[in-house]
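Observations on the model geometry
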Amino acid sequence: GAGPGRSARFSAPWRPTGAERPRRCWPCGGGCSVGHCHPLVVQAAHEQNQVLNTNSRYLHDNIVDYAQRLSETLPEKLCVFYFLNSGSEANDLALRLARQYTGHWDVVVLDHAYHGHLSSLIDISPYKFRGLDGQKEWVHVAPLPDTYRGPYREDHPNPAVAYASEVKRVVSSVQEKGRKIAAFFAESLPSVGGQIIPPAGYFPEVAEHVRRAGGVFVADEIQVGFGRVGKHFWAFQLQGEDFVPDIVTMGKSIGNGHPVACVATTQAVARAFEATGVEYFNTFGGSPVSCAVGLAVLDVLEKEQLQAHAACVGSFLMELLGQQKAKHPIIGDIRGVGLFVGVDLIKDKATRTPATEEADYLVSRLKENYILLSTDGPGRNVLKFKPPMCFSLDNAQHVVAKLDAILTDMEEKMRSCETLRLQPEAALLSPPLEKMKHPTQIHY
Amino acid sequence: MFDEKGERYLDCINNVAHVGHCHPEVVKAALKQMEVLNTNSRFLHDNIVEYAKRLAATLPEQLSVCYFTNSGSEANDLALRLARQFRGHQDVITLDHAYHGHLSSLIEISPYKFRKGKDVKKEFVHVAPTPDIYRGKYRENHADPASAYADEVKKIIEEAQNRGRKIAAFIAESMQSCGGQIIPPAGYFQKVAEYVRGAGGVVIADEVQVGFGRVGKHFWSFQMHGKDFVPDIVTMGKPMGNGHPIACVVTTKEIAEAFSSSGMEYFNTYGGNPVSSAVGLAVLDVIENEDLQGNATRVGTYLTELLNRQKAKHTLIGDVRGVGLFVGIDLVKDRQKRTPATAEAQHVIYKMKENRVLLSADGPHRNVLKIKPPMCFTKEDAKFMVDQLDGVLTVLEEAIGAQTESVVPENTPCRTKMPKEAPSELLSDGTPDPKENPGQKRNRLCADKPSLLSKRLKT
């Protein structure tokens, strides 16, 4: 049951019906893409599990079929696929591919990026290495292209070029030190950095600078791929028809919860890697079951037209949130595309100071109301929405209504300062701020 | 296993399908949980706790904290991080021919991989001789190979310390698989642990290939070395989920606390999810209910017995080594010199496949036939496999003129006139170029880089 934090099940299907209401939780963040326990995906896994689950040393159609289907969603150049089990494994391989192909070592990343939990990836994730192991000398950090809180904002005439020039500057300073860039690594839509939508044109400019220096462009689509952005299948496609990364990594939503991940790259990069004579083998990667699951997810995305659905519900959600922004001063910014949305909470409109404690408190209150959300961003103040793709218009309406009610309540409390600490009823209905601190740094 | 034509093959290598391909109990457990909930470990769920408890119960008491990941590689990477965080040391001692995974951090400590490629050994990596008493530095005729090999590690530690370096860990597969089914001599690990801990390092036992009762007598291979040997960190993977991507790192409270107090939180999106945990639990249940550990001992002993009889018969077999259902057959061209019979091994693999038996070859010279089948392997399976092997070896030996000891005396002169490699007729299963001697071509391929086909069988 829904005891203190213990989850036992999610009811399915996701379309709310009156009878099932009390027990349901609305998750607004997580790796499940087509809906928890989607029956078609479960069936595909079960059927294959009963027949054969072995490794890629045994030729099997599933892996070929799956690679083929994936290649159809991508630009033609990206036609070689490596299958693995997690986004972290994928990014580690991407790093190896980049280094092998270019012969270079250094990596340029964005501030506040998070690419995974492996040793190699902590080194390229400022989100992790700041305050821990520190920055390695072969890692170079460019400013996050955040037009709300970064150095170049919405009032700047051309933030895409401005941010891209920062990368150019980083690349030049690296070269001056006699070092060489292997890759520029970026999440197509930085999630941990606060649900950031890089300005259009940024990636193509960056790619130019990086490639001129002999490096490759790695697009980390682990959080955002598979139709989430609505308009396109892949988030990097928002950056223009002509923009094609050299390497794309995917994970999380790819298997609806099953451990699957993938790296797609060009023949040139793959050949350079092969030429080392050291083969790449991953015991579980590309197994018949994982591929069957991946194929089923693609089937569901197509049959249920979840990409279009994401576009539709996403814009509706943004509209509703926009109305809330006009109403509640704590909402500094609403940004998003498709079902990837961020609500930036601030203490002050002029300074845009992150409202960290308030965001924390808000999330706990939402959970009491059976809505699962979490925060991110360096100020841990951005509510992040990235629900399963079957999230409906009703779900959006419901969540925003609750958000509205809680924010209104919070504002009333703040208006008369002493009520925050003294009112006994308040303490009963909504426990004091300190007790409501839930684990921060939640990222899915 | 069955191919697309429905032909049946005896699988002697898929240790990943630990309790048997598509075991219905495991499949059922996965389905049941998949229908209910599959999310990440930020949502509290009983399965992960239950699973951790069951795993910890199989291990010595100090090993009580479990981190769940998805692959042996992820597990080994985390083990390194834990070891380094513990005292802030960096250096790692690894064994020659070791293979710990495909990630950047692990290729650095896997001579099996970095020696092949263009990668250079990193300065924080120290390679100790693999404790192989058949082909290594100290062999079965040495008075005390365990101490001799352990002293090599001691030497490395001293040299490193003299250069101001600090050892974070000694990592070793409890039994090397890619290294050629190597079983370290008794006493080796205890001594190594003493030296390593004395230098402030920890001992990591990589059980990814060999855990979960494969050795028969014990659940974990490291337990063969005695109750007084307890690693600081144990990694497990492969067989854990019978094919489902699950792996785990188990360590002591002390090491876990040092890691979390660093402020570094460990989160793995899929690791420890309810489905993976349910699958892992089901595998443990089957191992227990079907007494697979007992089976491994019984069948393993029988298999080794049969193979030893083959060794007496075929001079190609230099050594038979193994414990439980983890066995290696070391093929040699010359028993005195122990020259690896690489081409012959590849040939045997292909012929065995034609006879519907799946085997593979490994070891630095790719001449060790490795046997690590699903744990439901029976005595009948063992007999069938060995009978086929006998047939293949007999034909092969006749062709290369190697005499079985019972037939021809040692000093027959015609032997020196025979080519060292197996003749072309036997190796030309589809090799395209008729002009080049396929035997030589195949040898060159094997020596220089893995041929596509041989790559496929290396598991």
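Remember, predicted model here, so these are calculated numbers, not experimental data. (Residues numbered from 1 in each chain as written. Chains lettered and ligands numbered in written order. Predicted model: local features only at pLDDT ≥ 70, side-chain atom pairs only at ≥ 80, totals over all residues. Heavy atoms only, no water.)

**Quick look at the overall build of chain A**
Note the threshold: The way it works is that DSSP assigns letters per residue, a run of H or I at least four long becomes a helix, a run of E at least two long becomes a strand, and they are numbered from the N terminus. Three exposure classes are used, based on accessible area relative to the maximum for each residue type with a 1.4 Å probe and protein chains only: buried under 20%, partly exposed in between, and exposed over 50%. In this analysis, two residues are considered to be in contact whenever any of their non-hydrogen atoms come within 4.5 Å of each other. Areas reported here follow the Shrake-Rupley algorithm with a probe of radius 1.4 Å; residue values treat only the protein chains shown as occluding.
Across its full length, chain A holds 14 helices and 13 strands. Expressed as a percentage of its 444 residues, the buried residues of chain A come to 62%. For chain A, the share of sequence-separated contacts (at least 6 apart) that also reach a separation of at least 24 residues comes to 72%. Split by element, the accessible area of chain A, about 17000 Å² in all, is 53% carbon and sulfur.

**As for the interface of chain B and chain A**
To keep it simple, the criterion reads: We define buried area as the total accessible area lost by two parts upon association, computed with a 1.4 Å probe and summed across both. Only one rule defines a salt bridge in this text: a Lys or Arg side-chain nitrogen within 4 Å of an Asp or Glu carboxyl oxygen. Side-chain atoms alone can form a polar contact between residues adjacent in sequence; in general such a contact is a pair of N or O atoms within 3.5 Å, and within protein one must be able to donate a hydrogen while the other accepts it. Residues are grouped as follows: Ala, Val, Leu, Ile, Met, Phe, Trp, Tyr, Cys and Pro are nonpolar; Asp, Glu, Lys and Arg are charged; every other residue, Gly included, is polar.
Between chain B and chain A, the residue contacts involve 58 residues of the former and 60 residues of the latter. Summing both sides of the interface, chain B and chain A together bury roughly 5400 Å²; the carbon and sulfur share of this comes to 57%. The three residues of chain B that bury the most area against chain A are Met34, His102 and Tyr270 of chain B, which together make up 12% of that side's buried surface. At the junction of chain B and chain A, the tally comes to 0 salt bridges. The interface formed by chain B and chain A holds 18 residue pairs in polar contact (both at pLDDT 80 or more) in total. Contributions of two or more residues to the side of chain B that touches chain A are made by helix H1 (24-36), helix H3 (72-87), helix H4 (104-107) and helix H15 (452-457) of chain B. Residue contributions to the side of chain B that touches chain A peak at 6 residues, all from H1 of chain B. The residue inventory of the side of chain B that touches chain A, partitioned by class, reads 24 nonpolar, 19 polar and 15 charged.

**Describing the sheet that holds strand S3 (residues 106-110) of chain A**
Residue and element names in this part refer to chain A. Condition: Strands were regarded as paired on the criterion that DSSP finds at least two bridges between them. A fitted line through C-alpha atoms represents every axis, and for helices the fit uses only the stretch in contact; the resulting angles, taken between N-to-C directions, go from 0 to 180 degrees.
The strand order S2-S8-S7-S6-S5-S3-S4 describes an open sheet built from 7 strands, whose pairing is mixed. Two strands in the sheet have a free side with no partner beyond their single neighbour: strand S2 (80-84) and strand S4 (139-142). Here the strands of the sheet are splayed against their neighbours by 20° on average, with no regard to which way each runs. Relative to strand S8 (residues 261-265), S2 is paired through 5 bridges, and the arrangement is antiparallel. Residue pairing for S8: phenylalanine 81 is matched across the bridge by alanine 264. Contacting S3, S4 and strand S5 (181-187), helix H6 (residues 159-176) runs over the sheet at an angle of about 155° to S4.

**Some thoughts on the confidence of the model for chain B**
Residues and elements named next belong to chain B. Rules: Confidence of the predictor at the level of single residues is given by pLDDT, which spans 0 to 100.
Averaged over all residues, the pLDDT of chain B equals 88, while 86% of them reach at least 70. This model gives residues 404-459 a pLDDT under 50, and the stretch forms 81 contacts once residues within four places in sequence are excluded. Here the predicted complex scores 0.86 on pTM and 0.85 on ipTM.

**A word on H3 of chain B**
Residues and elements named next belong to chain B. We count it as follows: How far a helix is expected to stretch is found by multiplying one less than its residue total by 1.5 Å.
Relative to the 22 Å expected for 16 residues at 1.5 Å per residue, H3 spans 24 Å between its end C-alpha atoms, a close match to the ideal helical length. Within H3, 14 of the 16 residues are buried, which leaves the element mostly enclosed by the surrounding structure. Just downstream of H3 lies glycine 88, where phi reads positive at about 80°.

**Points about the packing of helix H11 (residues 342-354) of chain B against helix H12 (residues 379-400) of chain B**
All names here are of chain B. Formally: Note on angle classes: values under 35 degrees are labelled roughly parallel, values over 145 roughly antiparallel, values of 65 to 115 roughly perpendicular, and the remainder oblique. In this scheme the handedness of a crossing depends on how the near helix is turned from the far one: anticlockwise by less than a right angle means left-handed, clockwise means right-handed.
The geometry of H11 relative to H12 is characterised by a closest axis approach of 10 Å and an angle of 130° between their N-to-C directions. It follows from the interaxial angle that H11 and H12 lie oblique. Remark: the crossing between H11 and H12 carries right-handed chirality. Only Met385, Gln388, Leu389, Val392, Leu393, Leu396 and Ile400 of H12 make contact with H11, whose side of the interface consists of Glu344, His347, Val348, Lys351 and Met352. Partitioned by chemical class, the residues of the contact of H11 with H12 number 8 nonpolar, 2 polar and 2 charged.

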